[in-house]
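Overview (structure and organization)
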Amino acid sequence: TAMSNGALYVITVLVWGSTWMAIEFQLGIVEPEVSVFYRYALASAVLFLWCLKQGRTLRFDAGAHRYFMLLGLILISLNYVLTYHAQAYISSALTAFAFSTMLWLNLLNARLFFGARAGAAVVAGSILGVGGIAVLFLPEVGQLSFGDASLLGTGLAIAGAAVASFGNMVSQAAQQRQLPIVPSNAWGMLYGALLTGVFAAADGKTFSFDWSLPYVGSLAYLAIFGSIVGFGTYLTLLGRIGAGRAGYAMVMFPIVAILISLATGEISPAWNVLAGVVLVVAGNVLVLRSQANRQSFAPPCQEMNFQSAPSRTSTSV
């Protein structure tokens, strides 16, 4: 059966909200570019095997492969290489905060490339959301200085958000080709992995591997849940409700990270945490209940469905 927008949204937020912490276990022994290569090589292999098992077509024309390659370059390779490098300088919480700027970038790019206007409720909700994230991480933001590595890390994270937003626009543009999501993601992740591997090799990176349980476990989690499930649900949602409203998921990710940290005792409850959560949730309600973007350049889209072969075509890649 088709998955509802609400279910897609919740799964995306919970999965991607937890990947920031998993990425920390990827840093150290293995170069960030090499870890990204391993992650998406594994994810694409699993998706190709699943498509073959289900009898889904993997044959597409040259035009489709151009979209796959562009998405692999932007949304998979450059986006994640920048994000992994950012997290080598700043905490996962601050990375998530910086990445939340993708909400505004999605609104601006959707207007620039598609002429999609964000309604007043979406803009108001976005202001509340980003403001809430700023309040949430007020202590860390306050410690940021122009003379230390945290500025570089924040810049890399924002660059990753900008690249990811352009990837979202490519996905929107590809909707008119009616490409099925799962096979499209398989090809996109394969191209992304190959391009990242080429970049890493050209830069002289060593393709080492860390056989420790934290590294292998986090790699499996990031490949299966963070990549296969996360991209599948998010791109389906993107095709249905548009980049503006789907992009609000980005400001919900830090909330998940904060809740996990509270549950594990990593951080203690404080006024800024409570105030930030309230502001983000209020903004979330405004954005998701708004009617302004409900029909924004979103033709009928195939569900993220792993149960059977698609009965209708998708507008996302």
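Preceding block: the structure.
A brief look at the structure comes next. These numbers come from a predicted model, not from an experiment.

Further remarks concern the environment of G72. With respect to the secondary-structure elements, G72 resides in helix α3 (residues 62-87). For G72, a relative accessible area of 0% corresponds to the buried category. Distance in space between the C-alpha atoms of G72 and M189 is 5.7 Å, their sequence separation being 117 residues. Setting aside anything within four residues of it in sequence, one finds G72 in contact with S77, G188, Y191, G192 and L195.

With that out of the way, let us pick up the packing of aromatic side chains. Scanning all chains against the criterion turns up 14 aromatic pairs. An angle of 80° between the planes, with centres 5.1 Å apart, marks the rings of W16 and F231 as edge-to-face. Placement of the pair is W16 in helix α1 (residues 5-24) and F231 in helix α10 (residues 213-246), with a sequence separation of 215 residues. Given the relative accessible area of 3%, F231 is considered buried. Ring centres of Y38 and F209 lie 5.3 Å apart, and the angle between their planes is 65°; this geometry places the pair in the edge-to-face category. Here Y38 is found in helix α2 (residues 32-54), whereas its partner F209 is found in the loop between α9 (181-202) and α10, with 171 residues between them in sequence. Through pairs of rings, three or more aromatic residues link up here, namely F37, Y38, F207, F209, W211 and Y215.

Take the nonpolar core next. Soluble globular proteins tend to bury their nonpolar side chains together. By size, the foremost hydrophobic cluster in this structure holds 78 residues, and its most contacted members are W16, Y40, F231, Y234 and Y248. Here F231 is in contact with W16, Y40, L75, I76, Y80, N185, M189 and G226, once residues within four sequence places are set aside. Judged by nonpolar contacts, the second largest core, of six residues, contains V30, V34, Y38 and L219.

What follows concerns the packing of helix α5 (residues 102-114) against α10. The N-to-C vectors of α5 and α10 enclose an angle of 60°; their axes lie 10 Å apart at closest approach. For the crossing formed where α5 meets α10, the hand is right-handed. Touching M102, L103, N106 and L107 of α5 are Y234, A243 and G244, all from α10. A per-class count over the contact of α5 with α10 returns five nonpolar, two polar and no charged.

We now examine α9. Under the 1.5 Å per step criterion, the end-to-end length of α9 is 31 Å for 22 residues, consistent within 8% with the ideal 32 Å. In the segment just after α9, G204 is the residue with positive phi, at about 80°.

Turning to a nonpolar patch on the surface, a few remarks are in order. Taken together, the side chains of L42, V46, I224 and F225 present a nonpolar region at the surface, about 280 Å² in accessible area. Listed by contribution, the elements that provide at least two residues to the nonpolar patch are α2 and α10. Residue position: I224 is located in helix α10. Classification of I224 as partly exposed rests on a relative accessible area of 31%.

What the rule picks out here adds up to two salt bridges. Across the salt bridge formed by K205 and E31, the nearest N and O atoms sit 3.9 Å from each other. You can see K205 sitting in the loop between α9 and α10 and its partner E31 sitting in the loop between α1 and α2, a full 174 residues away along the chain. The exposure class assigned to E31 is partly exposed, which follows from its relative accessible area of 30%. Members of the salt-bridge network, linked through shared partners, are E31, D203 and K205.

What counts, and at which threshold
- Residues numbered from 1 in each chain as written.
- Predicted model: local features only at pLDDT ≥ 70, side-chain atom pairs only at ≥ 80, totals over all residues.
- Heavy atoms only, no water.
- Helix = DSSP H or I, 4+ residues; strand = E, 2+ residues; numbered from the N terminus.
- Buried < 20%, exposed > 50% of the residue type's maximum accessible area, 1.4 Å probe, protein only.
- Contact = heavy atoms within 4.5 Å.
- Phe/Tyr/Trp six-rings, centres within 6.5 Å; stacked < 30°, edge-to-face > 60°.
- Core = buried A, V, L, I, M, F, W, Y, C linked by side-chain atoms within 4.5 Å.
- Axes fitted to C-alpha atoms, helices over the stretch in contact; angles between N-to-C directions.
- Left-handed = near helix turned anticlockwise from the far one by under 90°.
- Nonpolar A, V, L, I, M, F, W, Y, C, P; charged D, E, K, R; others polar.
- Expected span 1.5 Å × (residues − 1).
- Patch = residues over 30% accessible without salt bridge, like charges linked within 9 Å, V, L, I, M, F, W, Y side chains within 5 Å.
- Areas by Shrake-Rupley, 256 points an atom, 1.4 Å probe, with all protein chains shown as cover.
- Salt bridge = Lys/Arg side-chain N within 4 Å of Asp/Glu carboxyl O.

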